[in-house]
Amino acid sequence: MPDFRSGLLSSLQFRLAAGFVLALAIALALIGVAAGIAADEQTKRFERDLDSAQVARVGQLVSNYHAQRENRRYDNADLQEILERAGPVSGVHIRVYDTKGYLIADSHAHLPPVPGNKGGKGRGWLKNDAGKSPSFPKSPSFPVFKGGQRVGSFTVSATSLPGPESPAPGLADPVASRISGVVNRSLLWAGIGAAALGTLLVWLLSRRTLAPLQSLGAAARRLGRGDFSQRAETTGPTEIQELAHSFNAMAEGLEAAERQRRNLTADVAHELRTPLSNIQGYLEAIRDGLVDPTPETIDTIHGQALHLSRLVEDLRLLAQVEAGALQLQLSPARIEDLLQSSVEAVRPRAQGKGVVLSLEVDSSLPTADLDVTRISQVIGNLLENAVTHTTEGGKVTVSAHVTGNAITGNAIEVMVSDTGPGIATEDLARIFDRFYRADPSRARSTGGAGLGLTIARRLIEAHGGAIEAESAPGQGARFTVRLPMP
């Protein structure tokens, strides 16, 4: 028996939960990648917009400065003071140069002077010669025009101390730069939470959904051990309900088959016991000298032996037909001749009982491929039953004609009807069952075992046809045999 771990891993509930977790993980991974890329793009776009805005504001500030210089309203010291206030507030490093490339204002001039810089007043003036000011990171220079003529330039870069650890030029806002990381971390934790909650929900829902299936499995195991009374609960999803209904139908069929098997065993034992007991009793009486072995006694024993032989033969034939092992000897035959022969075989008995026996056959009946011996056996059985259950002065009629249409197809219909007492409604549905007798005492008096109609139905079905009975108490009975036409 597999251990608990292997059973759990191979269970449908575990596989459903694992499949859900895998699908959720893939979906969250794709969402995370897409969201991360989108966040990065939005962050870069925001930084570019921020850079453009900063540059535009600084450009406006420097343009105003140059526009007012002619009026002597501003000098370099005033510009320096403005930049020192604007730089920390805006969070950027601003440098303004004249047309010769000399630094005239620096928002971070209070920083320690850089070796090699030109200028005075201790403010770290430096010339922006490419390759001569390596202490500061290079930043893009933006020209300033006045009246179509360049009057200077300025640079805008991120605020940082000069040195080898300085970041690359740009105005990236630290808060904006962290947006992508925050989004990714949020998605990660949200995915972990969603996976945990989803797994729990799937586990609980699948357990509830699969409960009827587990109950069905338990019922199937008990059914396999021989408890045919087991039935599954018809609850849960539609598919499981349909499976439960199918299982219940199968269980009912098995229970009916088991009940029929037991009844068959009991019936066979009962039917065999009667002739065997009679034979045994006569032989013991002869052995003990209680009965003389007269011809009459021997005839009685022989009759019981013949009855036993017929019963065994009927059981053998029924077993062959139900197993599909009976080989029919089909050949073209005229129904009229077959019925005439069967009627003539029963006529002496009918006349001896005072029963009128008639045959009504349509002269246009075609030939059909039949096993003449088996069909004669069926018709003979129906005639024997009809004569047996018809009182003196009654009538038994055999008729045949073609019936059917273009849709259902044509068939040869043979009817055997009598004017006897009829069959009770509760017996009509069971007269084709094995060993069933509508009148047990009468059947035993005539030597019947209750297999004749069962064999007749099986033989007709083996020919692809059907047989049915119609009757009402006091109005006789009619048996109809339908045989397909070629």
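For clarity, every value in this text was computed on a predicted model and none was experimentally measured.

From N to C terminus, the protein includes 12 helices and 11 strands. Once local pairs closer than 6 in sequence are excluded, the contacts in the protein between residues at least 24 apart make up 64%. Carbon and sulfur atoms provide 56% of the accessible area of the protein, an area that totals close to 28600 Å².

As a further point, take the pattern of salt bridges. A full pass over the atoms with the stated rule returns 13 salt bridges. A salt bridge links Glu461 to Arg458; its shortest N-O distance comes to 3.6 Å. One end of the pair is Glu461 and the other is Arg458, both in helix α12 (residues 452–462) and 3 residues apart, which spans about a single turn. Relative accessible area serves as the criterion here: at 25%, Arg458 is assigned to the partly exposed category. Through salt bridges that share partners, Arg334, Glu336 and Asp337 make up one connected network.

Turning our attention to the nonpolar core. Counting 47 residues, the largest nonpolar core has Ile335, Leu339, Leu382, Leu383, Val396, Val414 and Phe479 as the members making the most contacts within it. Sorting elements by how many residues they give to this core places helix α9 (residues 372–388) first, with 7 residues. Sequence-distant contacts of Val414, defined by excluding residues within four places in its chain, comprise Ile335, Leu339, Ile379, Ser399, Ala400, Phe479, Thr480 and Val481. The next biggest cluster of nonpolar side chains, apart from the first, holds 14 residues, and it includes Leu83, Ala105, Val144 and Val156.

Looking now at α12. All buried positions along α12 are accounted for by Leu453, Thr454, Ile455, Ala456, Leu459 and Ile460. Residues of α12 that are buried make contact with α7 (295–322), α9, β10 (466–471) and β11 (477–484). Trailing α12 by a residue or two, Gly464 shows a phi angle of about 85°, which is positive.

The side-chain alternation of strand β7 (residues 367–370) yields one buried face, formed by Ala368 and Leu370, and one unburied face, formed by Thr367 and Asp369. As defined by bridge partners, strand β5 (residues 331–334) adjoins β7 across 4 bridges and the pair is classed as antiparallel. For Ser331, the partnering residue across the bridge sits in β7 and is Leu370.

Right, let's get into the packing of α9 against α12. Running from amino to carboxyl end, α9 crosses α12 at an angle of 145°, the nearest separation of the two axes being 9 Å. For α9 against α12, the interelement crossing comes out left-handed. Contacts between α9 and α12 involve Arg374, Ile375, Gln377, Val378, Asn381, Leu382 and Asn385 from the first element and Gly452, Leu453, Ile455, Ala456, Leu459 and Ile460 from the second. Here the residues of the contact of α9 with α12 sort into 8 nonpolar, 4 polar and 1 charged.

Here we take up the environment of Ala29. Summarising the element assignment, Ala29 is placed in helix α2 (residues 12–69). On the accessibility criterion, Ala29 (42% relative accessible area) is partly exposed.

Here we come to α9. With 17 residues, α9 extends 24 Å from end C-alpha to end C-alpha; this agrees with the ideal 24 Å at 1.5 Å per step. Listing the buried residues of α9 in full gives Arg374, Ile375, Val378, Ile379, Gly380, Asn381, Leu382, Leu383, Ala386, Val387 and Thr388.

This brings us to the confidence of the model for the protein. For the protein, per-residue confidence averages 76 on the pLDDT scale, and 80% of positions sit at 70 or higher. With pLDDT under 50 throughout, residues 113–137 is counted as low confidence; its partners more than four residues away or in other chains account for 40 contacts. Contacts for the low-pLDDT stretch residues 441–447, under 50 throughout, to residues beyond four places or in other chains number 9 contacts.

Bringing the packing of aromatic side chains into the picture now. Inspection of the entire model under this criterion finds 2 aromatic pairs. Ring geometry for Phe432 and Phe479: centres 6.3 Å apart, planes at 80°, overall edge-to-face. Of the two residues, Phe432 sits in the loop between α10 (425–428) and α11 (440–445) while Phe479 sits in strand β11, which places them 47 residues apart along the sequence. Phe432 sits in the buried class, given a relative accessible area of 9%.

Take the side chain of Thr397 next. On the secondary structure map, Thr397 appears in strand β8 (residues 395–405). At a separation of 3.4 Å, a polar atom in the side chain of Thr397 contacts the side chain of Ser358. If sequence neighbours within four positions are ignored, Thr397 has contacts with Ser358, Glu360, Met415, Val416 and Ser417.

Conventions used here
- Residues numbered from 1 in each chain as written.
- Predicted model: local features only at pLDDT ≥ 70, side-chain atom pairs only at ≥ 80, totals over all residues.
- Heavy atoms only, no water.
- Helix = DSSP H or I, 4+ residues; strand = E, 2+ residues; numbered from the N terminus.
- Contact = heavy atoms within 4.5 Å.
- Areas by Shrake-Rupley, 256 points an atom, 1.4 Å probe, with all protein chains shown as cover.
- Salt bridge = Lys/Arg side-chain N within 4 Å of Asp/Glu carboxyl O.
- Buried < 20%, exposed > 50% of the residue type's maximum accessible area, 1.4 Å probe, protein only.
- Core = buried A, V, L, I, M, F, W, Y, C linked by side-chain atoms within 4.5 Å.
- Pairing = 2+ DSSP bridges.
- Axes fitted to C-alpha atoms, helices over the stretch in contact; angles between N-to-C directions.
- Left-handed = near helix turned anticlockwise from the far one by under 90°.
- Nonpolar A, V, L, I, M, F, W, Y, C, P; charged D, E, K, R; others polar.
- Expected span 1.5 Å × (residues − 1).
- pLDDT = per-residue confidence, 0-100.
- Phe/Tyr/Trp six-rings, centres within 6.5 Å; stacked < 30°, edge-to-face > 60°.
- Polar contact = N/O pair within 3.5 Å; in protein donor to acceptor, adjacent residues only side chain to side chain.

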